[in-house]
Amino acid sequence: MRAAVIGTGLIGTSTALGLSDLGWDVVGWDPDHVALEEALEMGAVRVVASSAEQASDRADLVVLAGPPAAIVDHLALLRTDALVTDVAGVKRPVVAAGAHLDRFVGGHPMAGREHAGPGAASAGLFRGSAWVLCDDGAHPADIAELSDLVSSLGARPVVMSAERHDRAVAVISHLPQLLAAALIESLEGEPEAMDLASGSFRDLTRVALSEPGWSSEVLLENRTEVERALGELVTSLGGWSLDLSAEEPAAVFQRLERARDGRRRLAPPIVLVEVLLRDEPGELAAVGRALATSRVDVRDLQLRHAPHGGGGVLAVSVRPGEAGALRRALFDEGFSLVN
């Protein structure tokens, strides 16, 4: 089977790597020749095409992985019998642009990293992530075929309309990016606050590291839904302000409790084990031995470096009931724990 991947940035190259691992013959094209050559050197694509049209020729699958505006422009000119999909973070304009194709299914893998470009790509990038497939005008057989494919890449296919997608990502993706940017802006003129920033602030603002060109285009393309989400947030923050001004401890407590309950529903219950790392070689290897010995189910890992060197704190999230075994194994390796 032959796949054409148009756009060899982070998502396009990760898709190409995954398809190559599955045995697909992948042809790539990107207007950025440096990115295209890097994808070739990584083995993500077997052949580089001289144009998007040449890449798509005789393909069984075409994956459009450029910025949303470029995808819309390319769809307007595309004529092919192949199954076509895309990875854009906004779907309504893309689905409309692909309506003339017999086999088009709008797609969006809900995965990514702060770093852009093929150098940050990985065949395992999509593992465990949702991958939206839009059913607007798409044939059920094509949706089923793509569902099987994205499952093979390690993702979880989620079928929904473009409208529902754009409304949802405005809340869970686009709004957090604006919030991260606003939080960073709040530090301007506050150097003491920057020196005090720790895990929670860093976690909340991680997405501010995203490449701004791509992100700004998606935000503007989905501006109607983003503005709606912003309006609801402003209303919510206004309520917080009123409760604080009125010195209503019960109201503040209840809102925090509802937020905690809502956050817990996003993921299975976990217990956090925080281990102190010394600034010495082999510390992470020793943690790895403790993980192997305790045989715990690791749900998340976060490393918080000391600001000026000197080690840091590694937070390991495990299932309830497994924290004791991990703590014992870490003690046996000579570690001290925060909790």
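The coordinates are above.
Treat the numbers as computed from the prediction; the structure is a model and nothing was measured.

Some remarks on the overall build of the protein chain
Move 1: A count of helical and extended segments in the protein chain gives 14 helices and 12 strands.
Move 2: The principal-axis extent of the C-alpha atoms belonging to the protein chain is close to 60 × 50 × 40 Å.
Move 3: Pairs at least 24 apart in sequence give 60% of the contacts found in the protein chain among residues at least 6 apart.
Move 4: Total accessible area computed for the protein chain in this model is approximately 18200 Å², and 55% of it derives from carbon and sulfur atoms.
Move 5: Each charge sign in the protein chain was given a centre, from 30 positive and 48 negative side chains, and these centres are 8 Å apart.

Some points on the environment of D25
Move 1: When you line up the elements, D25 lands in strand β2 (residues 25-29).
Move 2: Considering only alpha carbons, one finds D25 and V316, 291 residues apart in sequence, at a separation of 39 Å.
Move 3: Dropping the residues within four chain positions of it, D25 is found in contact with M1, R2, A3 and R46.

Topic: the sheet that holds strand β12 (residues 312-318)
Move 1: Ordered in space as β10-β12-β11, the three strands form an open sheet in which the pairing is antiparallel. Where the open sheet ends on each side, the last strands, each with one partner, are β10 (271-277) and β11 (298-305). Ignoring strand direction, the axes of neighbouring strands in this sheet form an average angle of 20°.
Move 2: The sheet contact formed by β10 and β12 spans seven bridges and is antiparallel.

Quick notes on the packing of helix α7 (residues 162-185) against helix α11 (residues 223-245)
Move 1: Two numbers describe how α7 lies on α11: the axes approach to 9 Å, and their chain directions differ by 65°. Relative to α11, α7 is oriented roughly perpendicular. For the crossing formed where α7 meets α11, the hand is right-handed. Between α7, through D166, R167, A170, V171, H174, L175, L178 and L179, and α11, the contact on the second element is made entirely by E225, V226, R228, A229, L230 and L233.
Move 2: For the contact of α7 with α11, the per-class residue count stands at nine nonpolar, one polar and four charged.

A closer look at the pattern of salt bridges
Move 1: Applying the stated criterion to the full structure yields 17 salt bridges.
Move 2: Across the pair R255 and D243 runs a salt bridge, and its minimum N-O distance is 3.3 Å. Of this pair, R255 sits in helix α12 (residues 249-264) while D243 sits in helix α11; the two residues are 12 residues apart in sequence, bridging distant segments of the chain.
Move 3: For D243, a relative accessible area of 17% corresponds to the buried category.

Notes on the sheet that holds strand β6 (residues 104-105)
Move 1: Read across the open sheet, the six strands follow the order β3-β2-β1-β4-β5-β6; overall the sheet is parallel. At either end of the open sheet lies a strand with only one pairing partner, and these are β3 (47-48) and β6.
Move 2: Direction of pairing for strand β1 (residues 2-6) relative to strand β4 (residues 61-64): parallel, over a ladder of four bridges. Among the inter-strand pairings, I6 is bridged to a residue of β4, identified as L64.
Move 3: Contacting β4, β5 (83-86) and β6, helix α4 (residues 68-77) crosses the sheet at an angle of about 145° to β4.

A closer look at helix α13 (residues 283-294)
Move 1: For α13, with 12 residues, the first-to-last C-alpha span of 17 Å sits near the 16 Å given by 1.5 Å per residue.
Move 2: Listed in full, the buried residues belonging to α13 are E283, A286, V287, A290, L291 and S294. End-on, the buried residues of α13 take up no more than an arc of 145°, which puts them together on one face.
Move 3: Those residues of α13 that are buried lie in contact with β10, β11, β12 and α14 (323-332).
Move 4: Within two residues after α13, R295 carries a phi angle of roughly 55°, on the positive side.

Reading the values: the criteria
Residues numbered from 1 in each chain as written. Predicted model: local features only at pLDDT ≥ 70, side-chain atom pairs only at ≥ 80, totals over all residues. Heavy atoms only, no water. Helix = DSSP H or I, 4+ residues; strand = E, 2+ residues; numbered from the N terminus. Contact = heavy atoms within 4.5 Å. Areas by Shrake-Rupley, 256 points an atom, 1.4 Å probe, with all protein chains shown as cover. Lys, Arg positive; Asp, Glu negative; His and termini not counted. Charge placed at Lys NZ, Arg CZ, Asp CG, Glu CD. Pairing = 2+ DSSP bridges. Axes fitted to C-alpha atoms, helices over the stretch in contact; angles between N-to-C directions. Parallel < 35°, antiparallel > 145°, perpendicular 65-115°, else oblique. Left-handed = near helix turned anticlockwise from the far one by under 90°. Nonpolar A, V, L, I, M, F, W, Y, C, P; charged D, E, K, R; others polar. Salt bridge = Lys/Arg side-chain N within 4 Å of Asp/Glu carboxyl O. Buried < 20%, exposed > 50% of the residue type's maximum accessible area, 1.4 Å probe, protein only. Expected span 1.5 Å × (residues − 1). Arc of directions from axis to C-beta.

Function-wise, these values are silent; they only describe arrangement.
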